[in-house]
Amino acid sequence: MLEAEEEHIGTPAMVLTFTVRRREPELVGPASPTPRETKRLSDIDDHETLRGQVPIMFFYRGGPRAATADPAGVIRRALGEALVPYYPVAGRLREVEARKLVVDCTGEGVMFVEADADVRLAELEVAGLTPPFPCAEQLLPDVEGSGGVLKCPLLLIQVTRLLCGGFVLALRLNHTICDAIGLVQFISAVAELVRGVPSPTVAPAWSRELLEARDPPRPSFPHREFDAVPPPSSPFPPPGDMVTRTFTFGPSEVNAIRKRLPLSLRDTATTFEVLTAAVWCVRTAALEFSPEEDVWLAFVCNVRGLPELGLPAGYYGNAVVSAAVLATAGALLAGSLGDAVELVRQAKATVTAEYVRSTADMLVLRGRPCVVVSNMFVVSDNRRTGFYGVDFGWGVPVFAGPSSAMLWGSFILAVRNGDGEHAAALPIVLPRPAMDRFALEVERLVKG
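Named according to an unreviewed UniProt entry, the chain is Benzyl alcohol O-benzoyltransferase originating from Urochloa decumbens. The chain has a UniProt comment under Sequence similarities (unreviewed entry) that states "Belongs to the plant acyltransferase family."

Caption draft 1: Looking closely at the layout of surface pockets. Looking at the largest pocket, its volume works out to about 1400 Å³. In this structure, the largest pocket is lined by 50 residues; those nearest its centre are Val300, Cys301, Val320, Ser380 and Asp381. Counting residues per element, the lining of the largest pocket draws most heavily on strand 12 (residues 294–302), at 5 residues. A per-class count over the lining of the largest pocket returns 31 nonpolar, 14 polar and 5 charged.

Caption draft 2: Geometry of the environment of Arg92. With respect to the helices and strands, Arg92 occurs in strand 6 (residues 92–95). On the basis of relative accessibility, which here comes to 7%, the residue Arg92 falls in the buried class. Put simply, Arg92 and Cys105 are 13 residues apart on the chain and 6.7 Å apart in space, counted from C-alpha to C-alpha. In contact with Arg92, not counting residues within four places along its chain, are Leu27, Val102, Val103, Asp104, Thr106, Glu108, Gly109, Lys151, Cys152 and Pro153. Separated by 3.4 Å, the side chain of Arg92 and the backbone oxygen of Ala90 make a polar contact.

Caption draft 3: The arrangement of the sheet that holds strand 7 (residues 101–104) in detail. The 3 strands lie next to each other as 4-7-6, forming an open sheet whose pairing is antiparallel. The two strands at the open ends of the sheet, each matched to only one other strand, are strand 4 (38–40) and strand 6. Taken over all neighbouring pairs, the strand axes of this sheet differ in orientation by 35 degrees on average, direction set aside. Summarising the sheet, strand 4 and strand 7 pair through 3 bridges and their orientation is antiparallel. For Lys39, the partnering residue across the bridge sits in strand 7 and is Val103.

Caption draft 4: How the structure looks around the pattern of salt bridges. Going through the model one piece at a time under the given rule, you end up with 33 salt bridges. In this structure, the salt-bridge partner of Lys39 is Glu37, at a minimum N-O distance of 3.5 Å. Judged by its relative accessible area of 18%, Lys39 is buried. For Glu37, a relative accessible area of 32% corresponds to the partly exposed category. We note a salt bridge from Arg345 to Glu273, for which the minimum N-O separation is 3.1 Å. Placement of the pair is Arg345 in helix 9 (residues 337–349) and Glu273 in helix 7 (residues 271–287), with a sequence separation of 72 residues. In this structure, a network of salt bridges that share partners links the residues Arg40, Asp43, Asp46, Glu48, Arg51, Glu95, Glu97, Arg99, Lys100, Glu212 and Arg368.

Here is what the cut-offs are and how they apply
Residues numbered from 1 in each chain as written. Predicted model: local features only at pLDDT ≥ 70, side-chain atom pairs only at ≥ 80, totals over all residues. Heavy atoms only, no water. UniProt positions renumbered as here; feature names shortened; annotations may be inferred. 1 Å grid on protein atoms, 1.4 Å probe; cavity = no way out; pocket = protein on both sides within 12 Å on 5 of 7 lines; lining within 4 Å. Points joined across faces, edges and corners; volume = space filled by probe spheres on them. Helix = DSSP H or I, 4+ residues; strand = E, 2+ residues; numbered from the N terminus. Nonpolar A, V, L, I, M, F, W, Y, C, P; charged D, E, K, R; others polar. Buried < 20%, exposed > 50% of the residue type's maximum accessible area, 1.4 Å probe, protein only. Contact = heavy atoms within 4.5 Å. Polar contact = N/O pair within 3.5 Å; in protein donor to acceptor, adjacent residues only side chain to side chain. Pairing = 2+ DSSP bridges. Axes fitted to C-alpha atoms, helices over the stretch in contact; angles between N-to-C directions. Salt bridge = Lys/Arg side-chain N within 4 Å of Asp/Glu carboxyl O.

Listed below in structure tokens is the structure:
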């Protein structure tokens, strides 16, 4: 049975109308028998911040393969094959003692939807392939019974064929099962099987016990970003009054920001450090916090490269922790951009193997809390996660990455700017008046 919906995207002067027809959702399980067992998530996987669904989209052009292969059909088949070595992904989460999450490896499968849209990728590109995607609800609709954390499919995938021979693969991931790098590892395994590789190049490794809390837990860092504090008077109105815009920083914009740094930092600060510090400052100014009010910056750090942790190649769980910076709004804005960059660098330097173990210990002792979002700006850099390397045989994607914006933060996405240069895009969510101030401050920042 096909379900049809119309979607209107673009500006009032240029409205694009298209229809999406979806088949009934189905569960795709492992293609051959898999172990029926229970597996514990790590204590880094298992905290409130990650108990949610994350939407990701991949947009592909048509090519020679489009004339001979159906993307939905070949991806569905390869998905079942990939779920044999990745069989926990086909299971369901439940809680045991002290809200600890475990995976029941039931083999029930992930949710899969096949769809067609009477639109071409070129038309979607004109409408804009950066968040917020006006077409997101059609390319990745909610499926009843798939949106929870417990006893639900861990993955929802919709493959939508386009008139041009291209397609969109949109998915929604239960974040507790893996991080962005782990997701790319799994989806890359599916893509390899589609292309005819006999088995995934990277063998999956569970090994979640390596990121369990110590016994007894003994945190050695304060982890104040998890402290439960009464929220101040928030500058944020109800969600309906919020505006989302994506700001793109190409080489010229990043270099313009660098020129505001002292010489000691100008050539050594990374693009991540420069953009994170600059956007934190601009956002703080745009929200007009009181000078004495505390403002937080937290950013996600990949810890796979810490040899002391012993994480094996192929580890696809959450191997990330947050590093945090605290300042008063007045001090942050009175200081220089170089001062803010130094704060980011100091926070990065704290992320050692001991910091990771301390994080796991703290999460267990405090009942697996969520990062405090009051006055918090959270940054997750997705440029090196490998999204753009996922090739199902149609070539690399035109866009690949998170398809939504965080209310309390931003993803850093790899994109091409209008000149075709590699650039960083940051989707930002703010109240409309603050967004106007933010945009003016960004323009001033990059133009001098």
